[in-house]
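Secondary and tertiary structure notes
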Amino acid sequence: MPEKPQLLIVDDDPEVRKSLQLWLKNEGYMVFTAANREQAREAVKKENIAVCLIDLRLKNEDGLRISAELKSLDELLRIIIITGYPTYESAIDAMK
């Protein structure tokens, strides 16, 4: 059976990070978490992260900017934007 990809969850809410981490670990994934841009950058540099789940709105940071920055570190990195505040405009921005 092939090994599942390593995932990174970037969210400033510790409960969201923990919930997603537990759920994905139970599905057999190796999961890393980050509360901010710096932690996310370090994880992408140190680990073989294949997919990042990034909150659109972090306290003092923009999830779309973080996703662009992480993508510049690893062009093969896949990004999934998550949010509790969806709008049509944010969906369009995320797809761009």
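Each value, and the rule that gives it
- Residues numbered from 1 in each chain as written.
- Predicted model: local features only at pLDDT ≥ 70, side-chain atom pairs only at ≥ 80, totals over all residues.
- Heavy atoms only, no water.
- Buried < 20%, exposed > 50% of the residue type's maximum accessible area, 1.4 Å probe, protein only.
- Helix = DSSP H or I, 4+ residues; strand = E, 2+ residues; numbered from the N terminus.
- Pairing = 2+ DSSP bridges.
- Right-handed = clockwise from strand over helix to strand, strands pointing away.
- Core = buried A, V, L, I, M, F, W, Y, C linked by side-chain atoms within 4.5 Å.
- Contact = heavy atoms within 4.5 Å.
- Arc of directions from axis to C-beta.
- Polar contact = N/O pair within 3.5 Å; in protein donor to acceptor, adjacent residues only side chain to side chain.

Sheet faces and side chains relate simply in a regular strand, where the side chains alternate between the two faces. When you tally the buried positions in strand E3 (residues 49–55), you get 6 out of 7 residues, the bulk of the element. Looking at chain direction, E3 and strand E4 (residues 78–82) are connected through 5 bridges and run parallel. Looking across to E4, one finds that Asp 55 is bridged to Ile 82. Handedness of the E3-helix H3 (residues 63–73)-E4 crossover: right-handed.

The next point concerns the pairing of strand E2 (residues 30–34). As paired elements, strand E1 (residues 6–10) and E2 share 5 bridges and run parallel to each other. Of the residues in E2, the one forming a bridge with Val 10 is Ala 34. The parallel pair E1 and E2 is bridged by helix H1 (residues 14–26), and the resulting crossover is right-handed.

A separate point is the nonpolar core. Counting 14 residues, the largest nonpolar core has Leu 8, Val 10, Cys 52 and Leu 70 as the members making the most contacts within it. With residues near it in sequence (within four places) discarded, Leu 70 still touches Ala 40, Arg 41, Val 44, Cys 52, Ile 54 and Leu 77. Within the second largest apolar cluster, 7 residues are counted, among which are Ile 9, Val 31, Val 51 and Leu 53.

Now for H3. Those residues of H3 that sit buried are Gly 63, Ile 66, Ser 67 and Leu 70. An end-on view of H3 places all buried positions within 100 degrees of arc, on one side of the element. Along H3, exposed side chains directed more than 90 degrees from the buried face belong to Arg 65 and Ser 72. The secondary structure elements touched by the buried residues of H3 are helix H2 (37–46), E3 and E4. By the N-cap criterion, in which a side-chain oxygen at the helix start approaches the backbone nitrogen of a residue two or three places on, H3 is capped by Asp 62, the distance to Leu 64 being 2.9 Å.

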